[in-house]
Amino acid sequence: MAYKPFKPVKNQNISAEHDRRREIKKNSAADNPIKIFGFRTGAPYKMIPAILYYAFMIFFVGSGIYGEIKYYDFEPVDIVLTVIKYIFLIIMFFSPLIFLSDFKYRDSLPFFKKRETGSTIMGLILVIMFCYMMVNLNIYCMSDTWKQSAENVEFLREERTNNKESTEQTTEEAADDESVTIGESVSYNFDKNILSVQEVVL
């Protein structure tokens, strides 16, 4: 049997292969005219959830701003803190749109420029945690006037909920009774489904 010299297997450059695949993704993203996250592929099963999510977040943030302007009391410092607070809220709620869309600035962002699932999820978690911390820090720094108005709004909301529940409970109890007096001369029997009208002599 003839001796065959051993030929070592050529080492594959894993890093170069990884860079090549990332470059392909980057070029395909650059060629796509639609760069917004959720709309890049044009698939309905991705676009519909994206539309619903973005619409709900716009409504949520808009209603929050409207509610604070209408019902809260502000001092000058509260206006600045409120603007900063909503900037971080917008970044937090719209982080998929901001950090996962195929815009040029994504290539310079840590965690997101790699375009890998693991690093992207880690980047989103860090962004959300940081924004949440900054929102609570701004709320903590609000003036006593703003905090008192916030407590009043919360108290009124709870009072309205309790009144609604008590009204519904009273209505249910009235429906369980056999008869209810509607006026001085009118009564209704729920059990027999009879409306009784008494003649009033003037």
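Residues numbered from 1 in each chain as written. Predicted model: local features only at pLDDT ≥ 70, side-chain atom pairs only at ≥ 80, totals over all residues. Heavy atoms only, no water.

S.K.: Help me understand the pattern of salt bridges, please; the structure alone is not making it clear to me.
M.R.: As a working rule, side chains carrying opposite charge can pair if their charged atoms are close by. Taken as a whole and judged by the stated rule, the model has six salt bridges. Taking the shortest distance from any N to any O, the salt bridge between aspartate 102 and arginine 106 comes out at 3.5 Å. Take arginine 106: its relative accessible area is 6%, and that puts it in the buried class. Here arginine 115 makes a salt bridge to aspartate 107, at a shortest N to O gap of 3.0 Å. Of the residues examined, aspartate 107 reaches a relative accessible area of 32% and is grouped as partly exposed. Here the salt bridges share partners, and the residues they tie into one network are Arg40, Asp102, Arg106, Asp107 and Arg115. (Salt bridge = Lys/Arg side-chain N within 4 Å of Asp/Glu carboxyl O. Buried < 20%, exposed > 50% of the residue type's maximum accessible area, 1.4 Å probe, protein only.)

S.K.: Help me understand unusual backbone geometry, please; the structure alone is not making it clear to me.
M.R.: For residues that are not glycine, phi is negative in most cases, and the peptide bond is trans in most cases. Even without glycine at this site, phenylalanine 111 takes up a positive phi of about 70°. Following the sequence through the fold, phenylalanine 111 ends up in the loop between α4 (95-99) and α5 (117-140). The class of phenylalanine 111 is partly exposed, set by a relative accessible area of 37%. Phi angles above zero are rare outside glycine, and arginine 115 is one such case at about 60°. Here arginine 115 is to be found in the loop between α4 and α5. (Helix = DSSP H or I, 4+ residues; strand = E, 2+ residues; numbered from the N terminus.)

S.K.: Any chance you could explain the packing of helix α3 (residues 76-93) against α5 here in plain terms?
M.R.: How two helices sit against one another is set out by the angle between their axes and by the gap between those axes. Running from N to C, α3 and α5 cross one another at 160°; their axes reach a closest spacing of 9 Å. One finds that α3 runs roughly antiparallel with respect to α5. Handedness of the crossing formed by α3 with α5: left-handed. The residues of α5 that touch α3, namely those facing Leu81, Ile84, Lys85, Phe88, Leu89, Ile91 and Met92, are Val127, Ile128, Phe130, Cys131, Tyr132, Met134, Val135, Asn138 and Ile139. A class-by-class count of the residues in the contact of α3 with α5 yields 14 nonpolar, one polar and one charged. (Axes fitted to C-alpha atoms, helices over the stretch in contact; angles between N-to-C directions. Parallel < 35°, antiparallel > 145°, perpendicular 65-115°, else oblique. Left-handed = near helix turned anticlockwise from the far one by under 90°. Contact = heavy atoms within 4.5 Å. Nonpolar A, V, L, I, M, F, W, Y, C, P; charged D, E, K, R; others polar.)

S.K.: Help me understand the packing of aromatic side chains, please; the structure alone is not making it clear to me.
M.R.: Aromatic ring pairs: the centre-centre distance and the angle between the two ring planes describe each pair. Within this structure, the stated rule accounts for nine aromatic pairs. Measuring from centroid to centroid gives 5.4 Å for phenylalanine 60 and phenylalanine 93, while their planes differ by 90°, and the two rings are edge-to-face. Separated by 33 residues along the polypeptide, phenylalanine 60 in helix α2 (residues 44-71) and phenylalanine 93 in helix α3 bring together distant segments of the chain. Note on phenylalanine 60: relative accessible area 40%, which makes it partly exposed. The interplanar angle of 20° and the centroid separation of 5.9 Å between the aromatic rings of phenylalanine 103 and tyrosine 105 together place this pair among those described as stacked. Grouped by ring-pair contacts, the aromatic residues Phe39, Tyr53, Tyr54 and Phe94 constitute a single cluster. (Phe/Tyr/Trp six-rings, centres within 6.5 Å; stacked < 30°, edge-to-face > 60°.)

The analysis is restricted to geometry; functional conclusions fall outside its scope.
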